[in-house]
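Understanding the architecture of this molecule
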Amino acid sequence: MTTTPFSSAHRLYVKSLYRRMLKNELDWVVRRDIWRGRALMIRAEFERNRDVHDPRALAQIFEKAEAELAERQHPDPYIPPAMPGGTKWERNIPPTIAPLYDHIAEGHH
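For the structure given in this document, a descriptive report is provided here. Remember, predicted model here, so these are calculated numbers, not experimental data.

Digging into the environment of phenylalanine 46
- Along the polypeptide, phenylalanine 46 turns up in helix α2 (residues 32-48).
- Taking the C-alpha atoms as reference points, phenylalanine 46 and tyrosine 18, 28 residues apart in sequence, are found 7.9 Å from one another.

Structure representation (structure tokens):
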């Protein structure tokens, strides 16, 4: 069994950073064939730093990557239509099942 010097929180952070970089690149490039090339470049950058185990060097790499991501952040990112903030969010909400006016409670039969 191999042991890894990194915690699960570290792995989750790296995965989150990777996904955020991919999503941001997809916000800039709509065509998947062009985006795929850029996604491969992002993956290559992550693979290049895969064997870095020094915490100070990792912190510097993460700081640089976060700064690069913040600098390239899309001003109007894509939001799926049915998600919160999307164009169809809460459009045509189904009506409630309960009666709008409870006649029985008011004494009107």
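Here the narrative resumes, following the displayed structure.
Here's the deal with the packing of aromatic side chains
- By the definition in use, this model includes two aromatic pairs.
- Centre to centre, the rings of tyrosine 13 and phenylalanine 62 are 5.0 Å apart; their planes meet at 80 degrees, and the pair counts as edge-to-face. Of the two residues, tyrosine 13 is situated in helix α1 (residues 8-28) and phenylalanine 62 in helix α3 (residues 55-71); the sequence distance between them amounts to 49 residues.
- Accessibility expressed as a relative area gives 15% for phenylalanine 62, which makes it buried.
- Ring plane angle 75 degrees and centroid distance 5.1 Å describe the contact between tyrosine 18 and phenylalanine 46, whose orientation is recorded as edge-to-face. Of this pair, tyrosine 18 sits in helix α1 while phenylalanine 46 sits in helix α2, and the two are 28 residues apart along the sequence.
- Between the NZ or CZ atom of arginine 32 and the centre of the ring of tryptophan 35, over which it lies, the distance is 5.3 Å.
- Lying across the ring of tyrosine 18, arginine 43 places its NZ or CZ 5.7 Å from the centre.

Considering the side chain of aspartate 27
- Checked against the element boundaries, aspartate 27 lands in helix α1.
- Dropping the residues within four chain positions of it, aspartate 27 is found in contact with His74, Pro77 and Tyr78.

Definitions and cut-offs
Each chain has its residues counted from 1, running along the sequence as written. Owing to the predicted nature of the model, reporting of local features is limited to residues with pLDDT of at least 70; listing and counting of side-chain atom pairs is limited to 80 or more, with chain, interface and lining totals taken over all residues. Note that water and hydrogens are dropped before the side-chain values are worked out from all heavy atoms of the structure. Numbering goes from the N terminus for both helices and strands, where a helix is a DSSP run of H or I of at least four residues and a strand is a run of E of at least two. Two rings from Phe, Tyr or Trp (for Trp, the six-membered ring) form a pair when their centres are within 6.5 Å of each other. A pair whose planes differ by under 30 degrees is stacked, one over 60 is edge-to-face, and the rest are tilted. Relative accessibility decides the category of a residue: with a 1.4 Å probe and only protein chains considered, values under 20% of the type maximum give buried, values over 50% give exposed, and everything between is partly exposed. Over a ring means this: the NZ of a Lys or the CZ of an Arg is within 6 Å of the ring centre and within 35 degrees of the ring normal. Residue contacts follow a heavy-atom distance rule, with two residues in contact if any of their heavy atoms lie within 4.5 Å.

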